[in-house]
Amino acid sequence: MSTKRLRAAAAGIAAAVVLSACSTATGGQPVAVQSSAVTASSSPETEQLIRWVDVEAEAPVLPRDTQGMQYGTDAKPGIGFGYRNSEKQSRVCTLGPAVRDATGRSGFLTAGHCTAALSSTPAYLSQTSDALGPQTLMGDVQDAVDDDAANDSAVIWAPAAADASRIAGRWPVAGIMAKADVPSLVKPGDPVCLNGSRSGVMCSPLISADGYDIRTQATTQGNDSGAPVFVVAPSGSAILIGIHRGVDGAMGLATFISPALDRLHVTVATAAQ
């Protein structure tokens, strides 16, 4: 399946960035999303001018429940959802990027392990700040896979909040970066961010993205699994690159987003839509 490379060009020190991100689409056709009014060709020289932004310090404070997790009655990325695992124990994961299928049905990606042994699993949203208070059924976590390596993803079909195509209500999603492009466009040391229900928005240096997953220096917390993993351009646009799946020692781990989109036959919801 063909994809267009995310491109960036800078004009002088105060550069304007051209973004051409592709989300995969059902039917095998790429869907290009472009922001900025500057046009430039892509080359190794211009790619080196990309300077992803660490936005952790400017992240808005979102509502927290009595257990310290981001919550909300409207579904959006970064909100915690409750479910029961195969032992019937209550657990919380994070809603990932908002997506749509070919019919326009809305939903969210999350981690595949946020289920009862990968089976279809009801997901609930808290209705108040009391984490033990009333909850409402959001939908089911479906089509889950988790091979404990490259693939850890699932989808929840549910109505999305009006601002679900903005990370933390602030950074508009411009599109995705294909797995093949991440190693050349996001370099070790570049800030990679996530929005987890427990950690909120946090950014940390990339360690590597040239293997079967994305590895950062982030030490995230439990309940962040499923969170959107993204980079932010100087323009303020968010480019989705992964789905948070856990930690390995002091490293944060994420599944690449583009294979998950292909497998589930969905596209990301963007602010331009």
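Details of the structure are given in the entry above.
Bear in mind that the values here come from a model prediction, so they are computed numbers and not experimental data.

**Here we look at the pattern of salt bridges**
Scanning the entire structure with this criterion turns up six salt bridges. In this structure, Asp101 and Arg105 form a salt bridge, with 3.0 Å as the shortest nitrogen-oxygen distance. Given a relative accessible area of 42%, Arg105 falls into the partly exposed group. For the salt bridge of Asp248 with Arg215, the shortest nitrogen-to-oxygen distance reads 3.5 Å. With Asp248 in strand β16 (residues 238–248) and Arg215 in strand β14 (residues 214–216), this residue pair connects regions lying 33 residues apart in the sequence. Look at the salt bridges and you will find they share partners, linking Asp213, Arg215, Arg245 and Asp248 into a network.

**Topic: the environment of Val155**
In this fold, Val155 is placed in strand β9 (residues 152–157). Here Val155 falls in the buried class, since its relative accessible area comes to 1%. Along the chain, Val155 and Ser106 lie 49 residues apart, while their C-alpha atoms are 10.0 Å from each other.

**Details of the pairing of strand β6 (residues 106–110)**
For β6, the tally of buried residues reaches four of five residues, placing the bulk of the element in the interior. For strand β5 (residues 98–100) and β6, the ladder comprises three bridges, and the chain directions are antiparallel. Bridge pairing in β6 places Arg100 opposite Ser106. Where β5 folds back on β6, the antiparallel hairpin that results is connected by five residues, among which Gly104 adopts a positive phi of roughly 95°.

Criteria and cut-off values
Residues numbered from 1 in each chain as written. Predicted model: local features only at pLDDT ≥ 70, side-chain atom pairs only at ≥ 80, totals over all residues. Heavy atoms only, no water. Salt bridge = Lys/Arg side-chain N within 4 Å of Asp/Glu carboxyl O. Buried < 20%, exposed > 50% of the residue type's maximum accessible area, 1.4 Å probe, protein only. Helix = DSSP H or I, 4+ residues; strand = E, 2+ residues; numbered from the N terminus. Pairing = 2+ DSSP bridges.

It is worth stressing that arrangement in space is one thing and function is another; only the former is reported here.
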